[in-house]
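Summary of structural features
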Amino acid sequence: MAMPPRESPINRREFLGASAANAAGMAAAGVVGWTNVAGARPNGNGSSPSERVSVGVIGIRSQGKTLASTLAGLPNVDVAALCDVDESLLPLTAREIEARQGHSPRMATDFRRLLDDPALDAVVIATPDHWHALMTILACEAGKDVYVEKPVSHSLAEGPAMIAAGRKHRRVIQSGLQQRSGSHFLSAIEYVQSGKLGSVHLAKAWTVHQRKPIGFRKNTQAPAGVDYDLWLGPAAERPFNPNRFHYNWHWFWDYGTGELGNWGVHLLDVARWGLGVEFPTQVSAVGGKHHFHDDQQTPDTLFVNYAYPGKTITWEHRLWSSHGQEGRSAAVAFCGDRGTLIVDRGGWKVYGQKETATADASDLLGPHLQNFVECVRTRGVPACSIETGHVSSSLCHLGNISYRLGKSINVNAASGTPVDDGAATQIAKSEYRAPWALSPA
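Below is a summary of the structure that appears in this document. (Residues numbered from 1 in each chain as written. Predicted model: local features only at pLDDT ≥ 70, side-chain atom pairs only at ≥ 80, totals over all residues. Heavy atoms only, no water.)

Moving on to the nonpolar core. The biggest cluster of nonpolar side chains holds 48 residues, and the ones touching the most others in it are Leu268, Tyr306, Ile313, Phe334, Leu341 and Val343. Counting residues per element, this core draws most heavily on helix H9 (residues 258-275), which supplies eight residues. Look past the residues within four positions of Tyr306 in its chain and what remains in contact with it is Leu260, Leu268, Pro280, Gln282, Val283, Lys311, Thr312, Ile313, Trp315, Leu395, Cys396 and Gly399. If you look at the next biggest cluster of nonpolar residues, it comprises 42 residues, including Val85, Ala108, Ile137 and Val226. (Core = buried A, V, L, I, M, F, W, Y, C linked by side-chain atoms within 4.5 Å. Buried < 20%, exposed > 50% of the residue type's maximum accessible area, 1.4 Å probe, protein only. Helix = DSSP H or I, 4+ residues; strand = E, 2+ residues; numbered from the N terminus. Contact = heavy atoms within 4.5 Å.)

Structure (structure tokens):
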């Protein structure tokens, strides 16, 4: 299988200097055409998007590869294109997709090739966090529907701009919080909100597991076949370091949001869903990098309290321990005065009642992607809209801001932004780097 040719060099000043409003229009500048592989076709059998949905996947190393494979197994879906800045990842994934759907997707190393392709109905964004908002907005401007991985944004400022872009261009945007499509999560929330637990004032969310240290590594040249300048995108320019690249980018503020934005966003979304709340009024975080002595920046130990009128959500993560709360490594507990329901990806169970209610695990990702595809066809509202994803992602950003400032922050419950706190507001804005402008105009 032929590899895609290397894209022409992109001038970083021009690339970063383009505004979000006209960036889609410059997509053709300085890049070459598609790599067409045997059997590839632009839109399946040529049927309309209402019958067959053509999808491109951007970022295919880990979760993106899983998303592409799952989509390829859905009826009337054509995974027509794959994109990654690391060209070494493309051939193997393309062969796996070909085995599932009978023909190979096209390959590219620059995501703008996908946005330029009129045959694509939608794109899936599974890149590092710092690219989520920009790609989503550019995809909307290019007329594509979007499935964007969690957290949907890298800072508080990005979410409203993503929402505005979706509304302006009438795009479907599904957030990658797949619990919203899992039948056992749906039944758990129904039980919590039924009154059977009594008054539920507290939801506790946590993840406890043993991650490995990443050590200390020196800056070096980017590997051959990696477009590192494009990988950096809106992030600050700095030399390549393997510890800030594949997966480990999660633990650096320039690209990721730590464990709070990795596992936390899934479980905090479930917690606030069950309590029926959105933005808190106050956030307080304490923790630190207590266990790992390496290049990571984000905390390996963190506790966050989210205050709401009459309700509280708590978050805990320990990345160096093996025993989680209630014997579960990643879960949410809804505490009522007549019982407690604990739910995780393995199912749910009620404690403290004579008759024990339970539910087994359900598929999450397949139904979530199927819901997205159906909304692309019908123009319906997805199970986890960008509005929902923004609120849940904001809980992570607020927790990280409180941790980084070392103090509690008051929050405007209507907008989800810090109140009368210059330092908090600065972090919320500066995490999104100029000169890209994300005003929701």
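Strand order in this open sheet of six strands is E3-E2-E1-E4-E5-E6, and the pairing throughout is parallel. For this open sheet the edge positions go to strand E3 (106-108) and strand E6 (173-176), each flanked by a neighbour on one side alone. Each adjacent strand pair in this sheet contributes to an overall mean axis angle of 20°, direction not counted. Where strand E1 (residues 53-58) and strand E2 (residues 77-83) come together, six bridges link them in parallel fashion. Within E2, the position partnered with Ser54 by the bridge is Asp78. (Pairing = 2+ DSSP bridges. Axes fitted to C-alpha atoms, helices over the stretch in contact; angles between N-to-C directions.)

In the structure shown here, the tally under the stated rule is nine aromatic pairs. On the numbers, 5.5 Å between centres and 65° between planes, the contact of Trp231 with Phe245 is edge-to-face. A residue pair is termed long-range when its members are at least 10 positions apart, and Trp231 in helix H8 (residues 228-232) and Phe245 in the loop between H8 and H9 qualify at 14 residues. In this structure Trp231 comes out as buried when scored by relative accessible area, which is 7%. Consider the rings of Trp231 and Tyr255, whose centres lie 4.9 Å apart with planes at 55°: the pair is tilted. Of the two residues, Trp231 sits in helix H8 while Tyr255 sits in the loop between H8 and H9, which places them 24 residues apart along the sequence. The pair Trp231 / Tyr255 is uniform in exposure class, with both members buried. Counting every residue linked through ring pairs, the aromatic cluster contains Tyr228, Trp231, Phe240, Phe245 and Tyr255. Taking the ring centre of Trp253 as reference, the NZ or CZ of Arg404 above it sits at 4.4 Å. (Phe/Tyr/Trp six-rings, centres within 6.5 Å; stacked < 30°, edge-to-face > 60°. Lys NZ or Arg CZ within 6 Å of the ring centre and 35° of its normal.)

Further remarks concern the sheet that holds strand E8 (residues 282-288). Neighbouring strands of a sheet are bound in pairs by backbone hydrogen bonds; such pairs are parallel or else antiparallel. As summarised here, the arrangement of the nine strands in space is E14-E13-E12-E11-E7-E10-E9-E8-E15, forming an open sheet in which the pairing is mixed. At either end of the open sheet lies a strand with only one pairing partner, and these are strand E14 (358-360) and strand E15 (409-410). Bridge count for strand E9 (residues 301-308) against strand E10 (residues 311-318) is eight bridges, and the pairing is antiparallel. Within E10, the residue paired with Tyr306 across the bridge is Ile313. Where helix H7 (residues 183-193) meets the sheet, its contacts fall on strand E7 (200-208), strand E11 (330-336), strand E12 (339-344), strand E13 (347-351) and E14, and the angle it forms with E12 comes to roughly 165°. Relative to the sheet, H9 contacts E7, E9, E10, E11 and E12, its axis offset from that of E10 by approximately 155°.

Once that is clear, we can look at the pairing of strand E4 (residues 122-125). Residues Ala122 and Val124 of E4 are buried on one face, and the alternating residues Val123 and Ile125, pointing to the opposite face, are buried as well. Inspection of the sheet shows E1 paired to E4 by four bridges, in the parallel sense. What sits directly across from Val55, in E4, is Ala122. Bridge count between E4 and strand E5 (residues 145-149): four bridges; the pairing is parallel. Paired with Val124 across the two strands is Tyr147, which belongs to E5. After leaving E4, the chain enters helix H5 (residues 132-141) and then returns to the sheet as E5, a path that is right-handed. (Right-handed = clockwise from strand over helix to strand, strands pointing away.)

Roughly 730 Å³ of internal volume is contained in the largest pocket. Forming the boundary of the largest pocket are 38 residues, of which Ser62, Gln63, Ala126, Thr127 and Trp249 lie nearest the centre. Looking at the lining of the largest pocket, the elements that each hand over two or more residues are helix H2 (63-72), H5, H8 and H9. A total of four residues in the lining of the largest pocket trace back to one element, the largest contributor, which is H9. Split by residue class, the lining of the largest pocket holds 18 nonpolar, 13 polar and seven charged. (1 Å grid on protein atoms, 1.4 Å probe; cavity = no way out; pocket = protein on both sides within 12 Å on 5 of 7 lines; lining within 4 Å. Points joined across faces, edges and corners; volume = space filled by probe spheres on them. Nonpolar A, V, L, I, M, F, W, Y, C, P; charged D, E, K, R; others polar.)

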